[in-house]
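Residues per chain are reported as follows:
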Amino acid sequence: MPTFRRAMVVEVLDERTGLQRLRVHMPDGSEAAAYCLTGLVGKVRVGDHVVCNTTAIDLGLGTGGAHVVHWNLRRNDFVSPGPDHIMKLRYTSLQFDAGTDELNHPDIPDHLDETPVVVCSVHSQLGIVAATIDALAPGTAVAYVMTDGAALPIALGDLVDDLKRRGMLCGTVTAGHAFGGDLEAVTVHSALCLARWVLEAEIVIVGMGPGVVGTGTQLGTTAIEVAPLLDAVAALGGEPVLCVRASDGDGRSRHQGVSHHTRTAASLTFSRPWVAPVPPEAADLPDVRTHMVGAPDVARILDERGLRITTMGRDHRADPLFFAASGAAAAVAVDLMGGPPPTTRR
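Rules behind the numbers
Residues numbered from 1 in each chain as written. Predicted model: local features only at pLDDT ≥ 70, side-chain atom pairs only at ≥ 80, totals over all residues. Heavy atoms only, no water. Helix = DSSP H or I, 4+ residues; strand = E, 2+ residues; numbered from the N terminus. Rg over C-alpha atoms; globule rule 2.2 N^0.38 Å. Buried < 20%, exposed > 50% of the residue type's maximum accessible area, 1.4 Å probe, protein only. Contact = heavy atoms within 4.5 Å. Areas by Shrake-Rupley, 256 points an atom, 1.4 Å probe, with all protein chains shown as cover. Lys, Arg positive; Asp, Glu negative; His and termini not counted. Charge placed at Lys NZ, Arg CZ, Asp CG, Glu CD. Phe/Tyr/Trp six-rings, centres within 6.5 Å; stacked < 30°, edge-to-face > 60°. Lys NZ or Arg CZ within 6 Å of the ring centre and 35° of its normal. Pairing = 2+ DSSP bridges. Salt bridge = Lys/Arg side-chain N within 4 Å of Asp/Glu carboxyl O. 1 Å grid on protein atoms, 1.4 Å probe; cavity = no way out; pocket = protein on both sides within 12 Å on 5 of 7 lines; lining within 4 Å. Points joined across faces, edges and corners; volume = space filled by probe spheres on them. Polar contact = N/O pair within 3.5 Å; in protein donor to acceptor, adjacent residues only side chain to side chain.

Let's talk about the overall build of the chain
Tallying secondary structure elements over the chain gives 10 helices and 17 strands in all. Against the compact-globule benchmark of 20 Å for 346 residues, the chain has a radius of gyration of 20 Å, which places it among compact chains. When the backbone C-alpha atoms are referred to their principal axes, the chain occupies close to 65 × 50 × 40 Å. Buried residues in the chain amount to 53% of all 346 residues. Across the chain, contacts joining residues at least 24 apart in sequence account for 66% of those joining residues at least 6 apart. Looking at the chain as shown, the accessible area adds up to about 15000 Å², and 53% of this sits on carbon and sulfur atoms. Charge centroids of the chain, computed over 28 positive and 39 negative side chains, lie 5 Å from each other.

Below is the structure:
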């Protein structure tokens, strides 16, 4: 069950569209990090007394790494009219009219026309894939579709904000209950088509936002969404590329080499996604099409762009295989921009 506590804002550390990062004073006299989703509850200022959801931090979880402002006690009301009648966060106290770009663009094609779509299972892969595409095919229009498998507000995505400012993403679409993208979509299927035809993406990257829920069991993880995402791409006539999660730096045996998340997702797909054989055992995943590509120098690519990307706190020096596998998926997508090859190897 949730835990809510009163706090006082003592400092606004940073803010951008949709988000304020704060330092707050708690009832026990301690100070803590918090953030405010301004599109849902409005902005706060120093001295405001707020109600924070402290549940994740109380449980010692890393979810968000901060308390979440639920309401500003300075306000008697907060009114922010939406564009129509499509609600996200439905049937919760924070439900709001997000609108939907399906209604704004009702006549876009319902197919992807062989567009390569890289499907990721953890958020950090997004930055590696986008940066590698930028290096291999400068000027390529790359869009990001964020699912609701982890964080719901795209404003929490520091990586997304950085990639957009650098011109590595041409736009974003938030699908399901995820919200705050350049475009809003009710389903992943329509989000993919909006990315292709409204944002005019030549390559689409799809995956959850920051955070991932895992239980250590085979099926109890939000990373399982990779399977239906790959199938959605294939059903819409796109070219599904599986971004293999692999590691030589993770201390957990289930994630060493090709992660059990990737193995399970591959076993649950009905489509035959493309994979790069990085590591080589990725080619042995069930029902995949192996696309041979040169291994991009991901460390050089990230260093040249001044991008610091980590996965579970590890950078490309501490977990080179994770970064190499993600970069190889990007190389496959770049190759597929010219159309799929006539022959494939299992």
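Next, the rest of the story.
Quick word on the packing of aromatic side chains
In this structure the tally under the stated criterion is two aromatic pairs. Judged by centre distance (5.0 Å) and plane angle (70°), the ring pair of Phe96 and Phe179 falls under edge-to-face. Of the two residues, Phe96 is situated in strand S7 (residues 96–97) and Phe179 in the loop between strand S10 (171–175) and strand S11 (183–185); the sequence distance between them amounts to 83 residues. Judged by centre distance (5.6 Å) and plane angle (70°), the rings of Phe322 and Phe323 are edge-to-face. The burial state of Phe322 is the same as that of Phe323; both residues are buried. Positioned above the aromatic ring of Trp197, the side-chain terminus of Arg196 is 4.1 Å from the ring centre.

Focus: the pairing of strand S1 (residues 4–16)
Working note: regular strand, side chains alternate between the two faces of the sheet. Alignment of S1 against strand S4 (residues 49–53), held across five bridges, turns out to be antiparallel. What sits directly across from Ala7, in S4, is Val50. Both S1 and strand S2 (residues 19–25) contribute to a ladder of seven bridges, which runs antiparallel. By the bridge assignment, Val12 is partnered in S2 with Leu22. Taking the residues that link successive antiparallel strands as the turn, the S1-S2 hairpin has two residues, and the phi of Gly18 there is positive, at about 90°.

Quick word on the pattern of salt bridges
The tally for this structure, following the rule as stated, stands at 21 salt bridges. Between Arg23 and Glu11 there is a salt bridge whose closest N-O contact spans 2.9 Å. Here Glu11 lies in strand S1 and Arg23 lies in strand S2, a separation of 12 residues in the sequence. In this structure, Arg314 engages Asp319 in a salt bridge whose closest nitrogen and oxygen atoms are separated by 3.0 Å. A residue is classified by how much of its surface remains accessible, and Arg314, at 15% relative accessible area, is buried. Taking relative accessible area as the criterion, Asp319 reaches 0% and is therefore assigned buried. Sharing partners across several salt bridges, the network here consists of Asp134, Asp297, Arg300, Glu304 and Arg305.

Topic: the layout of surface pockets
In this model, the second largest pocket occupies a volume close to 730 Å³. Surrounding the second largest pocket, 34 residues form its lining, Gly18, Gly39, Leu40, Phe179 and Gly180 being those nearest its centre. Within the residue set of the lining of the second largest pocket, elements represented by two or more residues are helix H1 (38–41), strand S5 (67–72), S7 and helix H5 (158–165). For the lining of the second largest pocket, the element with the most residues is H1, which contributes four residues.

Thoughts on the environment of Glu102
Summarising the element assignment, Glu102 is placed in helix H3 (residues 101–104). In this structure Glu102 touches Glu184, Ala185, Val186, Thr187, Ser190 and Leu194, once residues within four positions along its chain are discounted. Only 2.4 Å separates the side chain of Glu102 from the side chain of Ser190, close enough to count as a polar contact.

Side note on unusual backbone geometry
A cis amide bond, omega -5°, links Val278 with the succeeding residue Pro279. Within the secondary structure layout, Pro279 lies in the loop between strand S16 (274–275) and strand S17 (289–290). With a phi angle near 60°, Glu200 is a residue other than glycine that sits in the positive phi range. Judged by its relative accessible area of 56%, Glu200 falls in the exposed class.

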